[in-house]
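Report on the structure
Residue strings, one per chain:
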Amino acid sequence: MAIIVNLDVMMARRKISLGELSEKMGITPSNLSILKTGKAKAIRFSTLQSICQILDCQPGDILEYRPD
């Protein structure tokens, strides 16, 4: 897949667990895990905005494009 999700990298940099992030976002840990592992087919802008607010980062810190 050409879109790489670096959520785990940003979570490690901010020293925040999956459970803590999901609680702050108000979504289930399993839904956040799907995004974190790169298995998600889409992401809502509101979800991306919430992640960026909590982790104090930019969307480009979370999502990366790599040509196949």
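Scroll up to find the structure this text is about.
Attention here is on the structure that accompanies the text. (Residues numbered from 1 in each chain as written. Predicted model: local features only at pLDDT ≥ 70, side-chain atom pairs only at ≥ 80, totals over all residues. Heavy atoms only, no water.)

1. Overview of the pattern of salt bridges
Within this structure, the stated rule accounts for two salt bridges. One salt bridge connects E20 with K24, and the closest N-O pair in it is separated by 3.6 Å. One end of the pair, E20, and the other, K24, are both in helix 2 (residues 18-25), four residues apart, so they sit about a helical turn from each other. Residue classification places E20 among the partly exposed positions, given a relative accessible area of 36%. On the basis of relative accessibility, which here comes to 53%, the residue K24 falls in the exposed class. Residue E64 is joined to R66 by a salt bridge in which the shortest nitrogen-to-oxygen separation is 2.9 Å. Take R66: its relative accessible area is 43%, and that puts it in the partly exposed class. (Salt bridge = Lys/Arg side-chain N within 4 Å of Asp/Glu carboxyl O. Helix = DSSP H or I, 4+ residues; strand = E, 2+ residues; numbered from the N terminus. Buried < 20%, exposed > 50% of the residue type's maximum accessible area, 1.4 Å probe, protein only.)

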